Structures are given as structure tokens and as C-alpha cells.
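# Analysis of the macromolecular model
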Amino acid sequence: MSLGASLDQKWARICGKLKDEVGETAYRNWLKPLTLNGMRAGEVCIAVPTRFMRDWVESHYADRIRSLWSGEDPSVQSVEIVVAAGGVAASLVPPPSANDDEFPVIEPIAAPEPIAAALPLPTAAYAAPITDEDDVSAPLDPRFTFENFVVGKPNEFAHAAARRVADAAAVNFNPLFLYSGVGLGKTHLMHAIAWAIRRKDARRRVIYLSAEKFMYQFIRALRFKDTMAFKHQFRSVDVLMIDDVQFISGKDSTQEEFFHTFNALVDQNRQVIVSADKSPSDLEGMEERLRTRLGWGLVADIHPTTYELRLGILQSKAENVESKVPPRVLEFLAHKITSNVRELEGALNRIVAHAELVGRAITLESTQEVLYDLLRASDRRLSIDEIQKKVAEHYNIRLADMHSPRRARAVARPRQVAMYLAKQLTTRSLPEIGRKFGGRDHTTVIHAVRKVEELRQSDAAFAEDIELLRRMLEG
Ligand code: ADP
Ligand code: MG
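Residues numbered from 1 in each chain as written. Chains lettered and ligands numbered in written order. Predicted model: local features only at pLDDT ≥ 70, side-chain atom pairs only at ≥ 80, totals over all residues. Heavy atoms only, no water.

### So, the sheet that holds strand β3 (residues 78–83)
Selection criterion: We treat two strands as partners when DSSP finds at least two bridges between them. In this text, helices come from DSSP runs of H or I with a minimum length of four residues, and strands from runs of E with a minimum of two, each type numbered from the N-terminal end. Throughout, an axis means a line fitted to C-alpha atoms (over the contacting stretch in the case of helices), and angles, computed between N-to-C directions, take values from 0 to 180 degrees.
In spatial order, the strands read β1-β2-β3; together these three strands make up an open sheet with mixed pairing. Here the strands that pair on one side only, and so sit at the sheet edges, are β1 (35–40) and β3. Ignoring which end each strand starts from, the neighbouring axes of this sheet average 25 degrees apart. Relative to strand β2 (residues 43–48), β1 is paired through five bridges, and the arrangement is antiparallel. Bridged to Gly 38 within β2 is Cys 45.

### With respect to the side chain of Thr 306
Spelled out, the test is: Remark: exposure states derive from per-residue accessible area (1.4 Å probe, protein chains only) relative to the maximum for the residue type, with buried under 20%, exposed over 50%, and partly exposed in between. Should any heavy atoms of two residues lie within 4.5 Å, those residues are considered in contact.
Along the chain, the position of Thr 306 falls in the loop between β8 (298–301) and α14 (307–319). Under the relative-accessibility criterion, Thr 306 is labelled buried at 11%. When sequence neighbours within four positions are dropped, the list of residues in contact with Thr 306 reads Pro 154 and Glu 467.

### Topic: the pattern of salt bridges
Heads up, the condition is: For this analysis, a salt bridge means a side-chain nitrogen from Lys or Arg found within 4 Å of a carboxyl oxygen belonging to Asp or Glu.
What the rule picks out here adds up to 24 salt bridges. Salt-bridge contacts for Arg 199 lead to Glu 147; the nearest nitrogen and oxygen are separated by 3.8 Å. You can see Arg 199 sitting in helix α9 (residues 186–200) and its partner Glu 147 sitting in the loop between α7 (133–136) and α8 (156–167), a full 52 residues away along the chain. Summarising the burial analysis for this pair, Arg 199 and Glu 147 share the class exposed. With a closest N to O distance of 3.3 Å, Glu 257 and Arg 235 form a salt bridge. With Glu 257 in helix α12 (residues 252–267) and Arg 235 in helix α11 (residues 227–235), this pair connects stretches of sequence that are 22 residues apart. Across this residue pair, the class does not change: Glu 257 and Arg 235 are buried. Here the residues in one salt-bridge network are Arg 13, Lys 17 and Glu 72, joined through shared partners.

### Let's talk about the packing of α14 against helix α16 (residues 341–358)
Note the threshold: Convention used here: angles under 35 degrees read as roughly parallel, angles over 145 as roughly antiparallel, angles from 65 to 115 as roughly perpendicular, and any remaining angle as oblique. Crossings are classed by handedness, with left-handed meaning an anticlockwise turn of the near helix from the far one by less than a right angle and right-handed meaning a clockwise turn.
Contact pair α14 / α16: the axes reach a minimum separation of 11 Å and the direction vectors enclose 40 degrees. Between α14 and α16, the crossing angle belongs to the class labelled oblique. Classified by chirality, the crossing of α16 by α14 is right-handed. Across the interface between the two elements, Arg 310, Ile 313, Leu 314, Lys 317 and Ala 318 of α14 pack against Val 341, Leu 344, Glu 345 and Leu 348 of α16.

### A short note on the pairing of strand β5 (residues 206–210)
Most of β5 is tucked away, with four of its five residues classed as buried. Alignment of β5 against strand β6 (residues 239–243), held across five bridges, turns out to be parallel. Bridge pairing links Ile 207 to Leu 240 in β6.

### Here's the deal with the side chain of Thr 145
Mapped onto the elements, Thr 145 comes out in the loop between α7 and α8. Apart from residues lying up to four places away in sequence, Thr 145 is in contact with His 188, Ala 192 and Trp 195.

### Focus on the site of ligand 1
Note the threshold: In these notes, residues near a molecule or strand are those with any non-hydrogen atom within 4 Å of it. Whenever two N or O atoms come within 3.5 Å, that pair is a polar contact, provided that in protein one can donate a hydrogen and the other can accept it, and provided that, for residues adjacent in sequence, both atoms are side-chain atoms. Each accessible area is a Shrake-Rupley result for a 1.4 Å probe, and residues are judged covered by the shown protein chains and nothing else. Think of it as three bins: nonpolar holds Ala, Val, Leu, Ile, Met, Phe, Trp, Tyr, Cys and Pro, charged holds Asp, Glu, Lys and Arg, and polar takes everything else, Gly as well.
Around ligand 1 there are 19 residues in total, and Val 150, Gly 183, Thr 187, His 188 and Glu 345 lie nearest to it. One of the backbone nitrogen or oxygen atoms of Leu 184 is found 3.2 Å away from an oxygen atom of ligand 1. Isolated, ligand 1 exposes 560 Å² of accessible area, and the fraction of that covered by the protein chains is 94%. When contributions to the shell around ligand 1 are tallied by element, the ones reaching two or more residues are α9, α14 and α16. Taken together, the residues of the shell around ligand 1 break down into seven nonpolar, eight polar and four charged.

### Some remarks on the packing of aromatic side chains
What counts here: Stacked, tilted and edge-to-face are the three classes assigned to paired rings of Phe, Tyr and Trp, where Trp is represented by its six-membered ring and a pair needs centres within 6.5 Å; plane angles under 30 degrees give stacked, over 60 edge-to-face, the rest tilted.
One pass over the structure, following the stated rule, counts eight aromatic pairs. Ring geometry for Phe 214 against Phe 234: centres 5.0 Å apart, planes inclined by 65 degrees, an arrangement best described as edge-to-face. Highlighted residues: Phe 214 in helix α10 (residues 211–223) and Phe 234 in helix α11, separated in sequence by 20 residues. Relative accessible area serves as the criterion here: at 0%, Phe 234 is assigned to the buried category. Ring geometry for Phe 218 against Phe 230: centres 5.4 Å apart, planes inclined by 50 degrees, an arrangement best described as tilted. In this pair, Phe 218 sits in helix α10 while Phe 230 sits in helix α11, placing the two residues twelve residues apart along the sequence. Judged by its relative accessible area of 2%, Phe 230 falls in the buried class. Among the aromatic side chains, those forming a connected cluster through ring pairs are Phe 214, Phe 218, Phe 230, Phe 234, Phe 258 and Phe 262.

In short, the description is geometric, and any link to function would need to be established separately.
As C-alpha cells, then:
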């Protein structure tokens, strides 16, 4: 039908625009799985595979989708997003099973041996230590709660997934796989889930431990010929969390044991939560079947922090310390300490400790003094030349155009971006920056900084672009 075809074409054009606007990753995760169902009486119907996705798309992208639709086709009066069982499977979420369109449920991968038959009932000899989950579980950090977790763009998805696991009565996705670079909040989120579940129902057995500790316990069990007890204690929990699972890469028998434990728990519909420093498919030294299996549930990554998130985290931490930390100092730290949240916290703790020790108020000057070594290390890295080079590459212009007097938009805008980044990421003064850009005046640099700031506010795609560049430069 010609009408249908043209509707499809419109949808394809909308998808193309959305992809440009939100970026590759967000598009792949959230928008690509959308399917166009059709249009009836001015209402376009779009289907998503799960309710979780529908809520997410509804709150993050629906307005944009609606306005793109009305731009494409004035006869479209509304857009409805529905959950369709048997819809296109998202890469993130397992396909919904036929009788449950609300939560995806993983089918067991193999018919399990009934666990009770495989394992003897616990005998008095080891019943006592086994029922005490604190024996196995590592202690939980009381600060690592959801209340203390600051949510921003880079971690909102991982946070939403963690909350979902903590709040849901049934298992929605198994495992929840969290990954990110160091110091970005994986352990914090896992502890937060554990706290929340325990608070809600103290009877539920939640075990949290590092993969390293898991291995250590397994080896000890082997040594003491106590593997039955080992199996039992891990296979009788309601929620098992294994942190930093990359640690067991290349450790074959531990992996084997983990795989069996994992399957046993999933088969019994118990929640498994795993964290790592890479995505499942990038975990080298992991057996193929384990990698595949780890990617079956919900995979959520935490991105490097943005300035806004860093500032938010600092503000929230600063509220909990005795000393008053001026906003300027927080902004300064958020600009300068970009590696990860752990370092950011460390820097704040240092200036607070110093102020308390010497009994003086915290100022920008004292901060620069106290953090001299840290700041120098982050300054050293980047030169204006490097920034110009990266930005020129990124926008596909010649490096010479960074210095040239040409004012065509195609080169002027990238040049402004480079000036802006030079101001943000180095300690060079405005006149110094101006000189590096073909001997321009410092007022030109100020203008560039303002312009870019303005565009960042008004244009989400542009803002994301800048963030990407910043990350590449700082990485
Ligand atoms: P990872 O396990 O990813 O290496 P952690 O969970 O140990 O990182 O986080 C490092 C530190 O940063 C912790 O003290 C944690 O509380 C803090 N942190 C990380 N992300 C956030 C956040 N979004 N809000 C508040 N604190 C955070
Ligand atoms: Mg950790």
C-alpha cells in the first residue's frame, strides 16, 4: 500500500533525525528497538518490547518523537507508545515471553537438575555458618545507599536499572550486569540494592562479595574438601552480587564454578547482579558461554562523569561536612578533577581535612595550594595544540584553519569549540589562548566561550558533541 510505504518512509526519516540528535549509543539502546505499528485516525502507534523501555522512552524521547512526527506529517495528531509482546527484541533486554509482556523473563538455558536432589540437605555440621550470610557476604558500606547516589546523565540508566531490581517483587532481568571504568559508582549501586532489599524484607538472603573473594572461598572449599557446603551457601541465596567479575578472567575452574552457581540461581529465579570493568562481550579470558550468558539480562554501563554530575556530587558531599565549601571551589574542582568520582571525593576530603587542621576557611587559593600535585598532574596532560588537532579532526577541517583568518561558519564554529575547550581544559589565560589561534584578541576568545556555552544550553546534540570531545581529550 502506498500509504503504508510512505508512513514507513516518514518513520525512517524521523529515526535518522533522532539518531543524529541522541547519538549512536542512546539510539541503539532505546530508539532502534521501536517499531512502527501504523496510524489510525491521526494517531501513530509505536511499539516497544518491554514496559521498562516504554516508560523510559515515554519520559525521555516521546516529546521529541511527537514533534518530529507532526513535522513530517501534519495529519498526525498524537503518538502512542505501546508495549508489544513479540515486538522487536532490544539488544538490552531479553525478548519478552509470550505470556508476560510486562517483564522479560529469562528461559532457563538447560533443564536444571533439581537442586535439592543434587545437594544433600545441610547437616548440623555446617548448617550454622552457612545460614549466616555475613560469613560469606562482604560488609556493606553504610554510605553507599540510593539516597547518597547522585543521578545524572552518565549514570541514570544504571541507576534506574538498579532501582528496578531493588524495588521489584519479581525478577525482571537476570543478570543485571553493570559496567564502567573505575570509581564511577558500580560498587555503590550494588550496595544500595543490597541495603534497599534488606530494609524491605530482612528475611531475604542477599550476598554481596567481590569476585576475588568468591574465588578465595572456592579455593578454600576445594582445599578443605568442602565444596558441597560452598555450593549450598551460594545456591541458597535470594540475591547474589559479584563485584568486579573481570577478576576471574583466565581463572578457569573458578569461572566454571561461577557459571554453575549462576545457572542454578537463574534457574530458580533468583536475582544475580554482576559488575565488571568491561561489557560482557569485551571480557577477555572469559569463557565464551559465560560471556554470552552474562549479556543475556540487562546490561547497563555508567559513562564517564560530566561536569554537571561532578558538581552535583560535590554539592551533595559538601553538605555533609562541617566546613563550609564555597560554590566557586566546588565548581573549580568539578572542572579540574575529571578522572572519576573517587578522585573527586578524595580531593574534597583533602581540602576539608586541611581546613579543619589549620583552622582556616576554605578558599580557591587554599584549594589550589593543597591540591597542587593533583592539579598539576591533570594540567600537564593537555596542550592547546592537542586540542586544536583533535577538534580539527573531529569536524574534519584543516588544522591550519585553527589559525587562519577565515570566518566561514564551517571553520569558525570548530575554532570556537577549540577555544572553549582550551579555556576549560587548560590553565592558559585568555590572551595566551588568543595568541595560539592565529594571534586573535582575548575578546574573541571570550566571545567564543560564551557562544559555545549558549549553544550547549540550546542544542542537546551540540552539547553531547562537546562532551565527547572533552572525554576524548581527557581520556
Ligand atoms: P566503582 O565500583 O565503579 O569503581 P565506587 O562505587 O566504588 O566505584 O565509587 C567510588 C566512590 O565514588 C564511592 O565513594 C562512591 O560513593 C562515589 N560515587 C560514585 N558515583 C557516585 C554518585 N553518582 N553519587 C555519589 N557518590 C558516588
Ligand atoms: Mg567497585
